[in-house]
Amino acid sequence: MVEPVYRRVVIKLSGEYFAGANSFGMDQPTIDRIAGDLIAARQLGVEVAVVVGGGNLVRGVEISSRGVSRPVGDTMGMLATIMNCLALEAALERKGQPARTLSAFVMPEVCELYTRSTAFKYLAEGRIVLLGGGTGNPFFTTDTTAVLRAAEIGAHAVLKATNVDGVYSADPKKDPSAKRFERLTHSQALEGGYKVMDATAFALARETSLPIIVFSIAEPGSVGAILRGTGRGTVVAG
């Protein structure tokens, strides 16, 4: 078996992807398929932590544009990420893979509070750790959360799962001439203003020397392929 390139990773999943072909909600077959990909990654011997967005349920920025304050809107969005983590945890457990949701918020009736030591404990036990609640603070995206948590737990890379197979010079769905990059530095990603991750996430990754691999989650088995070094994506590093 091919040895994985990374031994501990944080995988950032889009909440919108959880809706499948729908514009809202949770599509169970999609979540089950993602769970299968994560289990395959874990079976490579990789310690896996996951950050999920909440855009399939609530987008804080959109809520706040309708009259709710930004801190309240962002808090609603962070709570949505916990709902997605619980749904993914259930899908993983049904398939026989131990998993545990950890929250940036104190909610003992729902899930445990995130701490570094708790995350380390569950990763060492072979569980897939699901990190909900964002950073616990408004104005920060789940992209930034993924990089922050990766730095905290000593992950070797952040895997950013999107609906495109890497970073492009423009939206490839709108511009057929858009160029796909095989590799970028963190500074180039920041200066280029590429929308695949927010600037805060790229800046934090640069500061902590964390590589970010941007790839498409739409292809079954893509997580494992990236971990084996054979998948198609863009590496942002250096």
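Everything below is about the structure shown above.
Keep in mind the model is a prediction, meaning the values are calculated, not measured.

Caption draft 1: Spatial organisation of the overall build of the protein chain. Looking only at helices and strands, the protein chain has eight helices and eleven strands in total. The principal-axis extents of the C-alpha atoms in the protein chain amount to approximately 50 × 50 × 35 Å. A burial count over the protein chain gives 53% of its 238 residues as buried. A fraction of 73% describes how many contacts in the protein chain between residues 6 or more apart in sequence connect residues 24 or more apart. Here the protein chain has roughly 10,600 Å² of accessible surface; of this, 54% comes from carbon and sulfur atoms. Here the protein chain contributes 25 positive and 23 negative side-chain charges, whose respective centroids are spaced 2 Å apart.

Caption draft 2: Looking closely at unusual backbone geometry. If you check the backbone angles, F139 has positive phi at about 75° while not being a glycine. Mapped onto the fold, F139 is located in the loop between β5 (128-132) and α5 (142-152). One non-glycine residue, S209, lies in the positive phi region at around 55°. If you trace the backbone, S209 turns up in the loop between α7 (199-208) and β10 (212-216).

Caption draft 3: Layout of the pattern of salt bridges. Scanning all chains against the criterion turns up 16 salt bridges. For the salt bridge of R94 with D32, the shortest nitrogen-to-oxygen distance reads 3.0 Å. Placement of R94 in helix α3 (residues 70-94) and of D32 in helix α1 (residues 28-42) is noted, with a sequence separation of 62 residues between them. Here R94 falls in the exposed class, since its relative accessible area comes to 53%. Among the residues examined, D32 registers a relative accessible area of 22% and is labelled partly exposed. A salt bridge links R59 to E62; the shortest N-O distance between them is 3.8 Å. Looking at R59, the relative accessible area reads 39%, which means it is partly exposed.

Caption draft 4: A look at α5. Most of α5 sits inside the fold, with eight of its eleven residues counted as buried. Taken residue by residue, α5 has T142, D143, T144, T145, A146, V147, R149 and A150 as its buried positions. N-capping of α5 is provided by T141, with a side-chain oxygen placed 3.3 Å from the backbone N of D143. Within two residues after α5, G154 carries a phi angle of roughly 70°, on the positive side.

Caption draft 5: Geometry of α1. For α1, spanning 15 residues, the distance from its first C-alpha to its last is 21 Å, which sits close to the expected 21 Å at 1.5 Å a residue. Listed in full, the buried residues belonging to α1 are T30, I31, I34, A35, D37, L38, I39, A41 and R42. Lining the buried residues of α1 we find β1 (8-13), β2 (47-52), α3, β5 and α8 (222-228).

Cut-offs applied
- Residues numbered from 1 in each chain as written.
- Predicted model: local features only at pLDDT ≥ 70, side-chain atom pairs only at ≥ 80, totals over all residues.
- Heavy atoms only, no water.
- Helix = DSSP H or I, 4+ residues; strand = E, 2+ residues; numbered from the N terminus.
- Buried < 20%, exposed > 50% of the residue type's maximum accessible area, 1.4 Å probe, protein only.
- Contact = heavy atoms within 4.5 Å.
- Areas by Shrake-Rupley, 256 points an atom, 1.4 Å probe, with all protein chains shown as cover.
- Lys, Arg positive; Asp, Glu negative; His and termini not counted.
- Charge placed at Lys NZ, Arg CZ, Asp CG, Glu CD.
- Salt bridge = Lys/Arg side-chain N within 4 Å of Asp/Glu carboxyl O.
- Polar contact = N/O pair within 3.5 Å; in protein donor to acceptor, adjacent residues only side chain to side chain.
- Expected span 1.5 Å × (residues − 1).

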